[in-house]
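# Structural description and commentary
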Amino acid sequence: MRWLKTYPREIQVFLLASLLNAAGGSLMWPLVTLFVYQELGRPMQDAGLVVLLQSLGGIIGQLLGGALYHRLGVRRLIVGSLLLNGAFLFTLPAVSSHFPLFMGAMVFIGLFNSMSMPAIQAFIGFRFADRRGELFNIVYVANNIGVALGTALCGVLADISYYLSFVINGISCVGFAIFFFVYLGKIGTADPSQIDDNNPGRPKSAPGERTGWLLRQVRVYLFMGIATMFLWLGNSIWNTGVSPHIVSSGLLISYYSLLWTLNGVLIFAGQPFVNLVRRLFARTAQAQMTASAVFYLLGYIVILTYPGYPAFVIAMVLTTFGEMLISPAIPSFVSERTGAYAPFYLGVAGGIGAVGRVIGPYVMGVFYDRGGLMPVTWVAVAAAILSLLFYMVHSAAQRHGAQLQPRQ
């Protein structure tokens, strides 16, 4: 990892901790559906319900995490939510024999895991204000290294015991909480949200605006949130369209997993190409969001034109480039444009976008049952077009807008 040496030690430690936490988290999420179906002996309908409830908990968590940032402070919010998430992960082996309790635990896991997300993103934007765009991208890459490691191990651990995966995920979550407790203590007791954007390290006055006033600033978050919602809705084509089509075509399920292996490899190997796109066509965060929707749309058009495995490979390449553009762009835009209000808007925008992840599998499942892959692909194309349009509206809304300032 030579690229780590180009960053100060403080950033290196943060990236490594984030990588390990992502690896721990990815030990669990690929296994939830299989655990409910195979280990608990419940129908797939119940497995889908568990994922739905966990996702709904995640939406609430995103909103709460952004709203509570200034009330609780970064240290208590991040450390507390991670510890509570770890505690519920440890309870899963005990409550799995009682399905209603298991579903309740999964709701709280989705809630507390997501509560930490806007806080961590805001912390990066505040603490490393002079390099925030670069850091958001590097954290994204580091997390995907962790995801690749975790998903590679989760199957091996599941063969031993599903519960082992859950417990190790809990350990990694608690370890990440301990890391933040120590890390935030060492860098200073001042709240990182009070760092002056023009002079990182110097505190400024805390914001005191009410939620109603913040929500009225719709140009900051609404169009972007709706666009992201459609983006994630369309992306459900992979799990609820491509995967059953591959199996029904007589191909091995490993062909589907290879697509995600390609996704992971491209996130590392494709950085030079994506950096070139940023330099030539998408220098601002808003332009990167729009370019991301274009790549997603092109990928779905490829599947629509030739619904075979080679098209799936090409589409995965295109949509992965879209993912690489969008993932750092949103937190970077919010941090730059909203200043000390970033935690609130990261939570709101993330919550709106997460609705697409919740409803996407159901919408795609309905269309797949009615006609197979082609109707699902049309839905994905339509969702990508709507996403592109809303990102363009969002970009237009920012052209004459200054950085969000508190009322005088």
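Residues numbered from 1 in each chain as written. Predicted model: local features only at pLDDT ≥ 70, side-chain atom pairs only at ≥ 80, totals over all residues. Heavy atoms only, no water.

Spelled out, the test is: UniProt positions are given in the numbering used here, feature names are shortened, and annotations may be inferred rather than shown by experiment.
Looking at an unreviewed UniProt entry, the protein carries the name MFS family permease, with the source organism given as Paenibacillus hunanensis. Under the Subcellular location (unreviewed entry) heading, UniProt states for the protein: "Cell membrane".

### Brief notes about the overall build of the protein
Our working rule: Numbering goes from the N terminus for both helices and strands, where a helix is a DSSP run of H or I of at least four residues and a strand is a run of E of at least two. Residue exposure (1.4 Å probe, protein chains only): buried if accessible area is under 20% of the type maximum, exposed if over 50%, otherwise partly exposed. Areas reported here follow the Shrake-Rupley algorithm with a probe of radius 1.4 Å; residue values treat only the protein chains shown as occluding.
For the protein, the count of helices and strands is 16 helices and 2 strands. Taken over 408 residues, the protein has a buried fraction of 52%. For the protein, the computed accessible surface area is about 18,300 Å², with 65% contributed by carbon and sulfur atoms.

### Remarks on the packing of helix α15 (residues 342-371) against helix α16 (residues 373-398)
We count it as follows: Lines fitted to C-alpha atoms define the axes here, with helix axes fitted over just the stretch in contact, and angles between the N-to-C directions of these axes take values from 0 to 180 degrees. Contacts are assigned to residue pairs with any non-hydrogen atoms lying within 4.5 Å of each other. For this classification, the nonpolar set comprises Ala, Val, Leu, Ile, Met, Phe, Trp, Tyr, Cys and Pro, the charged set comprises Asp, Glu, Lys and Arg, and every other residue, Gly included, is treated as polar.
Direction vectors running N to C along α15 and α16 enclose 145 degrees, while the axes themselves pass 6 Å from each other. Mapping the contact onto sequence places V363, M364, F367, Y368 and G371 in α15 and L373, M374, P375, V376, V379 and A380 in α16. By residue class, the composition of the contact of α15 with α16 is 10 nonpolar, 1 polar and no charged.

### Structural notes on the packing of aromatic side chains
The cut-off we apply is this: Side-chain rings of Phe, Tyr and Trp, where Trp is taken by its six-membered ring, are said to pair if the distance between their centres is within 6.5 Å; with planes under 30 degrees apart they count as stacked, over 60 as edge-to-face, and otherwise as tilted.
A complete count under the given rule lists 27 aromatic pairs for this structure. With 5.4 Å between their ring centres and 70 degrees between their planes, F179 and F180 make a pair best called edge-to-face. For the pair shown, F179 and F180 are each scored as buried. When the centroid spacing of 6.0 Å and the interplanar angle of 70 degrees are considered together, the rings of F295 and F321 count as edge-to-face. With F295 in helix α13 (residues 285-305) and F321 in helix α14 (residues 309-338), the pair connects residues that are 26 residues apart, well separated along the chain.

### Let's talk about a nonpolar patch on the surface
Convention followed: In this scheme, patches are assembled from residues that exceed 30% relative accessible area and form no salt bridge. Like charges are connected within 9 Å, while nonpolar side chains (Val, Leu, Ile, Met, Phe, Trp, Tyr) are connected within 5 Å. Throughout this description, the term salt bridge denotes a Lys or Arg side-chain nitrogen within 4 Å of a carboxyl oxygen of Asp or Glu.
Together, V156, I160, L164 and I168 line one region of the surface with nonpolar side chains, adding up to about 330 Å² of accessible area. Those elements that place two or more of their residues in the nonpolar patch are α6 (132-160) and α7 (162-187). Summarising the element assignment, I168 is placed in helix α7.

### Some remarks on helix α12 (residues 271-280)
Counted only if it meets this: To obtain the arc, one takes the directions from the helix axis to the C-beta atoms.
Among the residues of α12, Q271, V274, V277 and R278 are the ones counted as buried. For α12, the angular spread of the buried residues around the axis is 120 degrees, confining them to a single face. Pointing more than 90 degrees away from the buried face of α12 are the exposed residues P272 and L280.

### So, the environment of D369
Relative to the helices and strands, D369 is located in helix α15. For D369, a relative accessible area of 70% puts it in the exposed group. For the pair D369 and T240, spaced 129 residues apart in the sequence, the C-alpha separation amounts to 9.9 Å.

### Comments concerning the confidence of the model for the protein
Threshold: The predictor reports its confidence for every residue as pLDDT, a score running from 0 up to 100.
In this model, the protein carries an average pLDDT of 83, and 88% of its residues clear a pLDDT of 70 or more. No element of the protein has a lower mean pLDDT than strand β2 (residues 199-203), which averages 35, and none a higher one than α13, which averages 96. Taken as a whole, residues 189-193 scores under 50 in pLDDT and shows 10 contacts with residues more than four places along the chain or in a different chain. In this model residues 195-206 is a low-confidence stretch, pLDDT under 50, and it forms 20 contacts with partners more than four residues away in sequence or in other chains.

### Notes on the side chain of Q62
Turning to its location among the elements, Q62 is positioned in helix α3 (residues 44-72). Its relative accessible area of 13% is what places Q62 among the buried residues. Those residues within four positions of Q62 in sequence are excluded, and the remaining contacts are S114, M117, P118, L346, G347, G350 and G351.

### Digging into the nonpolar core
To keep it simple, the criterion reads: Definition used in this section: a nonpolar core is a set of buried Ala, Val, Leu, Ile, Met, Phe, Trp, Tyr and Cys residues joined via side-chain atoms within 4.5 Å.
Grouped together as the largest cluster of nonpolar side chains are 108 residues, with contacts concentrated most on L92, F123, F180, W238 and V242. In terms of residues, this core owes the most to one element, helix α5 (residues 99-127), which gives 15 residues. Among residues more than four places away in sequence, those in contact with F180 are F14, I78, V79, L82, I120, F123 and G185. In terms of nonpolar packing, the next biggest core, distinct from the first, is built from 15 residues, L266, I267, A291 and F295 among them.

### Looking at the packing of helix α10 (residues 237-248) against α16
Keep this limit in mind: Note on angle classes: values under 35 degrees are labelled roughly parallel, values over 145 roughly antiparallel, values of 65 to 115 roughly perpendicular, and the remainder oblique. Crossing handedness is read from the near helix: turned anticlockwise from the far helix by less than a right angle, it gives a left-handed crossing, and turned clockwise, a right-handed one.
Running from N to C, α10 and α16 point in directions that differ by 155 degrees, and their axes come no closer than 10 Å. Judged by the angle between their axes, α10 and α16 are roughly antiparallel. The handedness of the crossing between α10 and α16 is left-handed. Residue-level contacts link I237, T240, G241, V242 and H245 of α10 to L373, V376, T377 and A380 of α16. Among the residues forming the contact of α10 with α16, the class breakdown is 5 nonpolar, 4 polar and no charged.

### Notes on α7
Condition: The span one expects for a helix is its residue count, reduced by one, times 1.5 Å. Here a polar contact is recorded for every N or O atom pair within 3.5 Å, except that within protein the pair must consist of a potential hydrogen donor and a potential acceptor, and residues adjacent in sequence are included only if both atoms are side-chain atoms.
With 26 residues, α7 should reach 38 Å at 1.5 Å per residue; the first-to-last C-alpha distance of 38 Å fits that figure. Structurally, the start of α7 carries an N-cap: the backbone nitrogen of Y163 is 3.1 Å from a side-chain oxygen of S161.

### Here's the deal with the side chain of N85
Looking at the secondary structure, you find N85 in helix α4 (residues 74-95). Given the relative accessible area of 4%, N85 is considered buried. Leave out the neighbours within four places in its chain, and N85 touches I109, F112, N113 and C173.

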